[in-house]
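Chain residues, written in single-letter form:
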Amino acid sequence: MARKEDRGTKDDNVVRFDFRDKLKKQRDKRRRKEWMLGLGAFSIVFVGGMLALNWPMSVLTSIASSELAPKLSLMAGSTSPRFDLCGITRHTCVVDGDTFWLEGEKIRIADIDTPEISEPKCDAEYQLGMKATYRLRDLLNEGAFQVRPIGNRDEDRFGRKLRVVVRGGRSLGDQLVSEGLARTWTGQREPWC
């Protein structure tokens, strides 16, 4: 408490205290505490929501490749779904120039490598990666295609299905390579900068 002396009184024996300063400090401290608790609760809810949206679906990873192949090859005789760039929900969309989601399955185009857009090493890599992403979206939206397994590996280390995308007997990956938006996959990443 702040001691206030000589507040308009001439009596030297009277000591007056101003409680307003103490009450203001208590109120400010309580407001800061409430604000921090609210921020903490929001952070927990936000992180929980992000984890829930990106949580791996164990049902999808347990599907055998023999069960997956017929589902993905249905594209040859049916109308293909509409692809957009991926956002928060990922069901049928394009992630980048060599990765997309098809009806809830994450596919890595196994015969190519495209520039990174999530962690590019330079601006030129990002720009080319975005061109490859938009071009893959456009190619997938041009009509029916097939998704075929390649080699003896079904998935990569990230759980993506390794597949070659084919339309009319030609790999869409080869088309991206011919347009200068991708490289033929050699088994290891090479720098784009």
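Just so you know, these numbers come straight off a predicted model, no measurement behind them. (Residues numbered from 1 in each chain as written. Predicted model: local features only at pLDDT ≥ 70, side-chain atom pairs only at ≥ 80, totals over all residues. Heavy atoms only, no water.)

Undergrad: Please explain the nonpolar core as it appears in this structure.
TA: Formed by 18 residues in total, the largest nonpolar core has its most connected members in Phe100 and Leu140. Elements with a contribution of two residues or more to this core: strand E5 (99–102), strand E6 (105–109), helix H4 (123–140) and helix H5 (172–178). With 4 residues, H4 is the largest single contributor of residues to this core. Among residues more than four places away in sequence, those in contact with Leu140 are Ser80, Phe83, Val94, Phe100, Phe145, Val165, Arg167 and Leu172. (Core = buried A, V, L, I, M, F, W, Y, C linked by side-chain atoms within 4.5 Å. Buried < 20%, exposed > 50% of the residue type's maximum accessible area, 1.4 Å probe, protein only. Helix = DSSP H or I, 4+ residues; strand = E, 2+ residues; numbered from the N terminus. Contact = heavy atoms within 4.5 Å.)

Undergrad: Just checking my understanding: could you explain the packing of aromatic side chains for this structure?
TA: Describing an aromatic ring pair means giving the distance of the ring centres and the angle of the ring planes. Tallied over the full model, the rule gives 2 aromatic pairs. Summarising the aromatic geometry, the rings of Phe83 and Phe100 are spaced 5.8 Å apart at their centres and angled 80 degrees between planes, so their arrangement reads as edge-to-face. Highlighted residues: Phe83 in the loop between helix H3 (65–73) and strand E3 (84–85) and Phe100 in strand E5, separated in sequence by 17 residues. Residues Phe83 and Phe145 carry aromatic rings whose centres are separated by 6.1 Å and whose planes lie at 45 degrees to one another, so their mutual orientation is tilted. One end of the pair, Phe83, is in the loop between H3 and E3; the other, Phe145, is in the loop between H4 and strand E8 (146–149), and 62 residues separate them in sequence. (Phe/Tyr/Trp six-rings, centres within 6.5 Å; stacked < 30°, edge-to-face > 60°.)

Undergrad: Help me out: how do you make sense of the state of the cysteines in this one?
TA: Put plainly, a disulfide is one covalent bond tying together the sulfur atoms of two cysteines. For the coordinates displayed, the defined rule picks out 2 disulfides. In this model Cys86 forms its disulfide with Cys93; the gap between the sulfur atoms is 2.0 Å. The sign of the S-S torsion, about 90 degrees, decides the handedness of the disulfide formed by Cys86 and Cys93: right-handed. Considered together, Cys86 and Cys93 belong to a single accessibility category, that of buried residues. (Disulfide = S-S within 2.5 Å.)

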